[in-house]
Amino acid sequence: MTLGRVAAVDVGNDAVKANFGKMEQSYYIPNVIARDMEDRPVIGIEDLDEKDPIDNLHIRIHSPALEENNAVYRVGNLATKTDNSTELDPGSSKSEEDQTLVMLFTSIALDAVSSHSFHQGKNDVIDANYTLGTGLPLREVKEGKDVGYRSQLLGSVHQVEFLVTPQYQGKKVNIKFDEVKVYPEGFAAYVNLIMDNNLNVINKELIDQQILIQDIGGLSTDIAVIKNRNVDDDKAQGFPIGVAESLEQIRDEIRTRHGVELDSRRDVVDIITRKNDRHHIMVKGSRTNVHDITDRILLELAKKEYRNLRNVWQKNSQSEICYFVGGGSAVLKDYLKALNNKLDGFNIDFFEDEQESIWMMANAYYKLIMDFVNKNTPAEAEETAAADES
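Note that residues are indexed from 1 along each chain, following the sequence as it is written. The predicted origin of the model limits local features to residues at a pLDDT of at least 70 and limits the giving and counting of side-chain atom pairs to 80 or more, whereas totals for whole chains, interfaces and linings rest on all residues. Each side-chain value is derived from all of the structure's non-hydrogen atoms; neither hydrogens nor water enter the calculation.

Per an unreviewed UniProt entry, the chain carries the name ParM/StbA family protein and comes from Lentibacillus cibarius.

Structure below.
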């Protein structure tokens, strides 16, 4: 079996986190898009190539997997500067949204044009083959939506054309997947806990424990029950609740009370989690505390998340520990810890390194897809690759 370049992509509600190759390339792109015109106006167009491509992603995507085919988008940071930007809506299914695919294809195309792993043919066209590891919320996998999502990606060519984008303007990437693996997000988090990047077992004490993993995302929360090194499908639960709706509430209240328009939910997360001036914004040039707004709304969400944990733990009373993961856990960590200390005193744990928690899924997908690649790469191909590297 010939397998293309490895891509491990976590399309999170807040941002896409993606690892490529042998982890030599990684991208973090805010999950925001905006429909746009083909020739967007740029001040200082002659200096375009001096700008950072990741801050100026302007693309057209042609793919049979998209409902809105051949559309032009601003993606990521560039999209946050427009009035018509969109983020994934609470209640939506990640597997059924064009935006999920737009972000997935953009991150892969960005790797293809910047990694020099593929030959550039005539008319600036790059044909790029990938072996993809990605994931969906546990709830969507239990509903069987991973099958349709995978089939959308396999068997078709998905083209990303860079329009007014620094360094890559005019380049086209034809993406084809040799294999696509769609993993339940809860199981991926477990794999990340017990395996390092070289696929060696770490945290051996966790292997035979019954543990819970509560993954708080933007649109949903998954609580995976790990027994005998596998997700217990019958006990695992997914809830249509995440931090996105609360972030929008905070954004709306800041707009109403202070007249300040924040570009996206990413700005709200920054206000909540940054090390300096946390819970503060600038209002007419004055540093203003919004802690009363963020505290009230986030505490209410934390109570709902804690209630979900309590209900699942009661049904799985022999669980030894619950790990909180995901971007939402980083936002709610202090509130959940305070509630737990006051109420049940469950054995819970967080990743103190917020970046580790945020990148957990992308790193887990990388480990899982590399394990698949290693098991499906003939020995002679590995010897040839080793000889080439030497």
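**Q** Teacher, can you tell me more about the domain arrangement of the chain here?
**A** When the parts of a complex come together, some accessible area is lost, and that lost area is often used as the size of the interface. Throughout, the edges of the domains are those of an automatic or database domain assignment. When cut into domains, the chain gives domain 1 (5-186 + 372-376) and domain 2 (205-346). Just the C-alpha atoms count here: the centres of domain 1 and domain 2 sit 27 Å apart. When checking whether two residues touch, look at their non-hydrogen atoms; a contact exists if any pair is within 4.5 Å. Listed per partner, the contact involves 17 residues of domain 1 and 22 residues of domain 2. With a shortest N-O distance of 2.6 Å, arginine 266 and aspartate 14 are connected by a salt bridge. Any pair of N or O atoms that falls within 3.5 Å is considered a polar contact. Within protein, one atom must be able to donate a hydrogen and the other to accept it, and sequence-neighbouring residues count only if both atoms are side-chain atoms. At the surface where domain 1 touches domain 2, the tally comes to 8 residue pairs in polar contact (both at pLDDT 80 or more). Secondary structure follows DSSP: runs of H or I at least 4 residues long count as helices, runs of E at least 2 residues long count as strands, and numbering of each begins at the N terminus. Contributing elements (two or more residues each) for the side of domain 1 that touches domain 2: α2 (138-142) and α4 (185-194). The element best represented in the side of domain 1 that touches domain 2 is α2, accounting for 3 residues. Residue classes in the side of domain 1 that touches domain 2 are distributed as 6 nonpolar, 5 polar and 6 charged. A pairing counts as a salt bridge when a side-chain nitrogen of Lys or Arg comes within 4 Å of a carboxyl oxygen of Asp or Glu. Gly is put with the polar residues, along with every residue not named as nonpolar or charged; the nonpolar set is Ala, Val, Leu, Ile, Met, Phe, Trp, Tyr, Cys and Pro, and the charged set is Asp, Glu, Lys and Arg.

**Q** In this structure, what is going on with the UniProt feature "domain: Alp7A-like C-terminal" (unreviewed entry) in the chain? I would like to understand it.
**A** Taking the UniProt record as the reference, the feature "domain: Alp7A-like C-terminal" (unreviewed entry) is found at residues 211-349. When the span residues 211-349 is considered, its composition is 47% helix and 24% strand, and the gap between its end C-alpha atoms is 11 Å. UniProt positions are given in the numbering used here, feature names are shortened, and annotations may be inferred rather than shown by experiment.

**Q** Honestly, the sheet that holds strand β2 (residues 15-20) in this entry has me stumped. Any pointers?
**A** Sheet strands pair by backbone hydrogen bonding; their relative direction is either parallel or antiparallel. The rule for pairing is simple: two strands pair if DSSP sees at least two bridges between them. Taken in spatial order, the 9 strands make up an open sheet running β3-β2-β1-β7-β9-β8-β5-β6-β4, and their pairing is mixed. At either margin of the open sheet sits one strand with a lone partner, and together these are β3 (25-30) and β4 (33-35). Strand-to-strand twist across the sheet, computed as the mean angle between neighbouring axes with direction ignored, equals 30 degrees. In the sheet, β2 pairs with β3 via 6 bridges, with the strands oriented antiparallel. Among the inter-strand pairings, valine 16 is bridged to a residue of β3, identified as isoleucine 29. Axis definition: a line fitted to C-alpha atoms, over the contacting stretch in the case of helices. Angles run 0 to 180 degrees between N-to-C directions. Contacting β1 (5-11), β2, β3, β4, β5 (57-62), β6 (71-75), β7 (125-136), β8 (158-162) and β9 (172-184), helix α1 (residues 98-114) runs over the sheet at an angle of about 145 degrees to β3.

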